[in-house]
Every structure is written in C-alpha cells, then in structure tokens.
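A closer look at the structure
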Amino acid sequence: MFAIDLADDAQLFPLEIWHAEEFLAHMDRGREFIGQYIGFPDRATDLDSARRLLGSNAEKAAADGARLYGIRVDGTLVGGVLFRSFDAASGNCEVGCWMEPAGAGRGLVTKACRVLIDWAFQERGMHRVEWHVASGNKKSIAVAERLGLTRDGVMRQDHLHRGVRLDSEFGSVLAVAWAASPTA
C-alpha cells in the first residue's frame, strides 16, 4: 500500500475495506461534527455497515469510478478526501472531503485535494473537477476557494440531509485553468 506525506505527521492513503474498524472508530469520534453535512456517519454505524460502505466504494474504484482516501495524523485516521464521482469517458469528476475536529485547521484537506486534482488532470486527462457543498459548510467552501475553484452557482434546497432540505453550492476548475494556476 502507498501513502503520500501531507506533513511530517500526516499521510494520505487509499481507504479500503480492511480499514473498516479504523473507519468506524473515526466516524464514532467525529459523528456529529462530520455528520452536519456529510452522510458517512449515518451510513457507517457499526462494523458491518462500515465494511459495506468501504466495500461499495472499492467496487466503484475497481470500475474506474469513485474512490476514497483517508488522512492520518500520527497514525490515526482523522478525515479524508474522495472522488465522489469519476467519469473518465466524459472527463468529469467531483472531489469532496470530510474531517473530524482533531485534524481540522492544518490545511491537510487542501493539500490532499491538490493531490487528487493533480492526479485527475495530469495522470487521467480529466477535463473538469467539480466541488459540491452544502451552503452552510463554510469550511468546505473555504477549501474550494483556496484550491482556486470557480463558484458555478447554487441549487436551492436540492439536498435532503437528516430530514432538512439544504442548498448546495457548486464550483469547478477546468484542466487548462488548473495548469495555469499558482494554487496547482
């Protein structure tokens, strides 16, 4: 298995089904914080559901689709990034993130997303990377801004999360803009 250093004490690595116990412990620690906007804590409530979630994503990755990556600090899983969707044929994908409080505020999500976006454009020849975020998730919006994504618009009350309709903001970056960007 590989890991990419994000800092002296932080690594990015592929999250796989055999990480289910570690993933569940991470969800348990950050369940309310992460679950404000992200559905993983509601889908990984015990070991079997954590295995199913990671297994489902492994199947998508094997089919050249969505992929999950964890972020560890001092050996503990504290968050992650993902290709929520990945469509090589169309050249479009969506990057996302989540983080428990123990890993927040260090720029690790921004660094990890740069790794994913670089890979999507440079290695896979993608044309467009998107970012979808609940309008209230100011930290995620700030990551998209730091990455240099352009705000494309807002879909009003398009996402049902925990019984509440949320607005979603959409942003994107095109390969040509990423290559010319000082943030890349």
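For clarity, every value in this text was computed on a predicted model and none was experimentally measured.

Listed as buried for helix α5 (residues 138–146) are Ser140, Ile141, Val143 and Ala144. Axial view of α5: buried residues confined to an arc of 155°, hence all on one face. α5 presents Lys138, Lys139 and Glu145 as exposed residues on the side facing more than 90 degrees away from its buried surface. Contacts from the buried residues of α5 go to β5 (92–99), α4 (108–123), β6 (128–134) and β8 (164–174). In the segment just after α5, Gly148 is the residue with positive phi, at about 85°.

Attention shifts here to the sheet that holds strand β1 (residues 4–7). Spatial strand order, β1-β2-β3-β4-β5-β6-β8-β7: eight strands in an open sheet with mixed pairing. Each edge of the open sheet carries a strand with a single partner, namely β1 and β7 (150–161). The average undirected angle you get between the axes of adjacent strands in this sheet is 25°. Lying on the sheet, α5 is in contact with β5, β6 and β8; it crosses β6 at an angle near 160°.

In this section: the packing of helix α1 (residues 20–35) against helix α3 (residues 47–62). In contact at an axis separation of 9 Å, α1 and α3 are set at 110° when each is read in the N-to-C sense. With respect to their mutual orientation, α1 and α3 come out roughly perpendicular. The segment α1 lies against α3, with Ala20, Glu21, Phe23 and Leu24 engaging Leu47, Ala50, Arg51, Leu53 and Leu54. For the contact of α1 with α3, the class distribution of residues is seven nonpolar, no polar and two charged.

Cut-offs and rules
Residues numbered from 1 in each chain as written. Predicted model: local features only at pLDDT ≥ 70, side-chain atom pairs only at ≥ 80, totals over all residues. Heavy atoms only, no water. Buried < 20%, exposed > 50% of the residue type's maximum accessible area, 1.4 Å probe, protein only. Helix = DSSP H or I, 4+ residues; strand = E, 2+ residues; numbered from the N terminus. Arc of directions from axis to C-beta. Contact = heavy atoms within 4.5 Å. Pairing = 2+ DSSP bridges. Axes fitted to C-alpha atoms, helices over the stretch in contact; angles between N-to-C directions. Parallel < 35°, antiparallel > 145°, perpendicular 65-115°, else oblique. Nonpolar A, V, L, I, M, F, W, Y, C, P; charged D, E, K, R; others polar.

Bear in mind that shape data such as this cannot, by itself, settle questions of function.
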